[in-house]
Each structure stands twice: as C-alpha cells, then as structure tokens.
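Now for the letters of each chain:
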Amino acid sequence: MTAVAPAPRPPFLRGLPWSVVRLHRTALWLWIAFVAAGTGWLLRALWLSAGDERYDPACAPRCIDPEPFDAYIPLHLQGRVMAILPLAVAVFAGGALVGRELERGTAALAWVQSVTPTRWLATKLAVPALLLTGGTTGLTLLFRRVWSTGHPEDRPGWYENDIFLSTGPVLVAYVLLGLALGALAGLLMRRTLSGLGLAFFATLLVYVLLAMGRTHLWPATRWTGFEAARLPGDAERLEVGVITAAGESVQGPECNLDQPGEFDQCLADNGYTDVYAVGHPASHYWPLQLVETGIVLALAALACWAAFALLRRRTA
C-alpha cells in the first residue's frame with residue numbers, strides 16, 4: 001500500500017518564520033487575546049453609545065435614560081492601555097525575542113546550521129512586525145470610530161496624549177520602534193533581563209521626549225480679538241494673554257465675554273488693547289500625527305540598521 005504524502009504547507013507555515021511563531025506561541029496567544037479583548041471592549045462601547053442615541057430628547061425626561069452611557073470613561077482606560085503597548089513590545093523584543101536567544105545559545109546554534117545571522121534577525125523582526133502592525137491598526141481604527149461618535153464637547157480632546165496616540169498611525173510607528181529598539185537592546189546586552197530593561201527605558205525616553213515636544217512639531221496658530229477669547233472647544237490652548245498698549249504680550253485679567261461690549265470695556269478699564277491665544281485647532285491633528293509618525297519611523301529604521309550592523313560585526 002502506497003503512503004500518501006502530506007500536502008505541502010504554505011510558505012508562512014514552514015521554515016524559519018514558522019519556527020519563530022512556534023517558539024513564541026505564548027506571546028502570540030497573549031497578543032491575540034489582547035486584540036480580541038480590546039475589540040470586544042470597543043465594540044461594546046460603540047453599541048452602547050449608538051443605543052443611547054435612540055432616546056428622543058423631545059420627550060424628556062420620560063424617554064431619556066437617567067444615566068446615559070458615557071463612552072468616554074472606558075475610552076480613557078482603553079487609550080491608556082493602548083498607549084503603553086509600545087513599551088510592552090520593547091520588553092518582549094529585548095527579552096524573549098532576542099536577548100534570551102543569545103543568552104541560551106540557540107541563536108548561535110541556528111547560525112552554524114542553514115540560517116545566516118542576517119536572515120535570522122530579519123525573520124525575527126518581520127514576523128512580529130507583521131502581526132503587531134495588523135492588530136494595532138485594527139484597534140486604532142476601531143478606537144477612532146468610537147471616539148468620533150460622541151459630541152465634541154463631551155469626548156476627550158484629540159490632543160490628550162492617550163487619545164492622540166490611540167486614534168492615529170503614530171501608535172503603529174511606536175510599536176515598530178519598540179520592536180526595533182528591543183532587538184537592538186537584546187543584541188547589545190545578550191541577556192534577557194538586561195536586554196528588556198534597556199529596551200524599556202530607551203523606548204520610554206523617546207516616548208516622553210516626543211510627547212513633551214509634540215506641540216512644537218507643527219506651527220501653532222495665533223488668534224487675537226474676541227475670537228481668541230472664544231476658542232472652539234476642540235482646540236488645544238498653549239498660551240492665553242493680553243496685549244498692552246506698547247505691543248507686549250502678557251498675562252492679563254479675565255473678562256466677562258458674554259457680550260462683545262463688556263469684553264471691550266474690560267480691556268479698556270485695564271489698559272489693554274487686545275487679547276491673544278496660541279494653540280492648535282482641530283485641523284492640526286493630521287499634520288501633527290504625520291510629522292510624529294515620520295520621526296518615529298525614522299528612529300525605528302535607524303535602530304534596525306544599527307541592529308543589523310552590530311550583528312554583522314559580531315558574526316563576521
């Protein structure tokens with residue numbers, strides 16, 4: 001009786017990529033569980049917020065839920081969890097993905113067989129990058145959908161750090177940066193704990209520095225007059241003050257802005273000629289997103305280049 005040969009596996013289910021998946025299957029299942037839990041959480045928030053819109057304010061208070069669903073309380077929690085995702089990726093890459101392989105010698109064992117060091121590292125980075133990019137992109141799109149369903153005056157501001165990161169492509173860039181810095185840290189330290197520690201603090205440093213300088217990545221808008229005193233609710237205020245007769249911009253008194261006449265009288269009584277405000281309107285969201293995304297991707301590419309250069313130098 002002739003034995004039937006098994007059907008060949010697809011390319012992504014055999015060879016080095018498949019060995020990477022099998023070796024880190026625990027992390028893979030944790031990532032799948034995280035994406036599934038986040039998706040379920042956001043879908044529930046989207047469904048409840050859509051159900052809350054079915055109430056008719058015309059028949060209040062009989063038709064309105066006395067405690068309507070607030071989709072933006074869970075948004076803050078979900079945004080915080082998604083915002084620290086790059087740090088978790090950096091810890092995984094610096095520890096389990098690269099550092100542990102070098103510490104135990106399994107990487108060197110693979111290099112002396114049929115796998116070159118460059119191919120080993122490229123596969124180690126490509127497989128997680130593909131899975132992380134797909135899952136993070138899906139969560140980001142769904143998070144932005146839930147965030148955009150609410151009224152602009154009720155939902156969290158787009159400029160809040162967790163919301164800004166969780167609603168645009170910059171989060172995907174930070175995840176890839178954490179992966180690249182983790183691989184570089186693992187190659188530098190060659191130990192699990194020291195590799196994950198260095199990866200964590202390196203990613204956190206970039207994270208904090210860019211968050212502090214985010215408002216300077218795009219030129220801010222300056223408003224004057226009554227428009228400056230009555231900025232839209234979705235604008236990020238960076239500076240508010242008054243203009244003196246000498247043309248200097250200083251901090252000034254608060255005036256009653258209910259009526260333009262009262263506003264002008266308040267300025268005249270205090271000896272000021274005008275008010276000003278500096279900030280970012282909602283239209284600056286995408287320029288800030290794209291500029292920061294480009295910076296983070298450039299840093300990720302630089303970290304990848306450094307990791308491959310270090311690997312080639314040590315395995316020449």
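Bear in mind that the values here come from a model prediction, so they are computed numbers and not experimental data.

Calculation rules
Residues numbered from 1 in each chain as written. Predicted model: local features only at pLDDT ≥ 70, side-chain atom pairs only at ≥ 80, totals over all residues. Heavy atoms only, no water. Helix = DSSP H or I, 4+ residues; strand = E, 2+ residues; numbered from the N terminus. Buried < 20%, exposed > 50% of the residue type's maximum accessible area, 1.4 Å probe, protein only. Areas by Shrake-Rupley, 256 points an atom, 1.4 Å probe, with all protein chains shown as cover. Pairing = 2+ DSSP bridges. Lys, Arg positive; Asp, Glu negative; His and termini not counted. Salt bridge = Lys/Arg side-chain N within 4 Å of Asp/Glu carboxyl O. Contact = heavy atoms within 4.5 Å. Phe/Tyr/Trp six-rings, centres within 6.5 Å; stacked < 30°, edge-to-face > 60°. 1 Å grid on protein atoms, 1.4 Å probe; cavity = no way out; pocket = protein on both sides within 12 Å on 5 of 7 lines; lining within 4 Å. Points joined across faces, edges and corners; volume = space filled by probe spheres on them. Nonpolar A, V, L, I, M, F, W, Y, C, P; charged D, E, K, R; others polar. Core = buried A, V, L, I, M, F, W, Y, C linked by side-chain atoms within 4.5 Å.

**Re the overall build of the chain**
Line of reasoning, step 1. Helices and strands together make up the secondary structure of the chain, namely twelve helices and four strands.
Line of reasoning, step 2. Looking at the chain residue by residue over its 316 residues, the buried ones come to 41%.
Line of reasoning, step 3. Of the roughly 17400 Å² of accessible surface on the chain, 64% is carried by carbon and sulfur atoms.

**Thoughts on the pairing of strand 4 (residues 272-280)**
Line of reasoning, step 1. With four bridges connecting them, strand 1 (residues 221-224) and strand 4 associate as antiparallel partners. What sits directly across from Arg222, in strand 4, is Val278.
Line of reasoning, step 2. Pairing geometry for strand 2 (residues 236-244) and strand 4, over eight bridges, is antiparallel. For Thr244, the partnering residue across the bridge sits in strand 4 and is Tyr272.

**Considerations on the side chain of Glu236**
Line of reasoning, step 1. Residue placement: Glu236 occurs in strand 2.
Line of reasoning, step 2. Put simply, Glu236 is tucked away with no salt bridge, and the nearest opposite charge, on Arg214, sits 7.5 Å away.
Line of reasoning, step 3. Those residues in contact with Glu236 that lie beyond four places of it in its chain are Trp158, Tyr159, Thr215, Val278, Gly279 and His280.

**As for the packing of aromatic side chains**
Line of reasoning, step 1. Going through the model one piece at a time under the given rule, you end up with eight aromatic pairs.
Line of reasoning, step 2. Residues Trp158 and Tyr159 carry aromatic rings whose centres are separated by 5.6 Å and whose planes lie at 80° to one another, so their mutual orientation is edge-to-face.
Line of reasoning, step 3. Looking at Trp158, the relative accessible area reads 4%, which means it is buried.
Line of reasoning, step 4. Seen from their ring centres, Tyr285 and Trp286 are 5.1 Å apart, and the 80° between their planes marks the pair as edge-to-face.
Line of reasoning, step 5. Since its relative accessible area comes to 5%, Tyr285 is described here as buried.
Line of reasoning, step 6. Among the aromatic residues, ring-to-ring pairing joins Trp158, Tyr159, Phe164, Tyr285 and Trp286 into one connected group.

**Concerning unusual backbone geometry**
Most peptide bonds adopt trans geometry, and most residues besides glycine take a negative phi value.
Line of reasoning, step 1. Here the phi dihedral of Arg190 falls at roughly 60°; this positive angle occurs in a residue that is not glycine.
Line of reasoning, step 2. Take Arg190: its relative accessible area is 40%, and that puts it in the partly exposed class.

**Comments concerning the layout of surface pockets**
Line of reasoning, step 1. Quantified by volume, the largest pocket comes out at close to 470 Å³.
Line of reasoning, step 2. In terms of lining residues, the largest pocket is bounded by 23 residues, among which His24, Ala27, Leu28, Trp31 and Phe92 are the most central.
Line of reasoning, step 3. Put simply, the parts of the chain that give the lining of the largest pocket at least two residues each are helix 1 (15-23), helix 2 (25-52), helix 4 (85-104) and helix 6 (117-148).
Line of reasoning, step 4. Broken down by class, the residue content of the lining of the largest pocket amounts to 18 nonpolar, two polar and three charged.

**What about the side chain of Gln289?**
Line of reasoning, step 1. Relative to the assigned elements, Gln289 resides in helix 12 (residues 285-314).
Line of reasoning, step 2. Setting aside residues up to four positions removed in sequence, Gln289 forms contacts with Phe164, Thr167, Gly168, Pro169 and Val170.

**Remarks on the nonpolar core**
Line of reasoning, step 1. Of all hydrophobic cores here, the largest spans 56 residues; its most connected members are Val98, Leu121, Tyr174, Leu177, Leu179 and Leu187.
Line of reasoning, step 2. For this core, the element with the highest residue contribution is helix 8 (residues 170-189), accounting for twelve residues.
Line of reasoning, step 3. Among all residues touching Val98, those that are not within four sequence positions of it are Ala93, Trp120, Ala183, Gly186 and Leu187.

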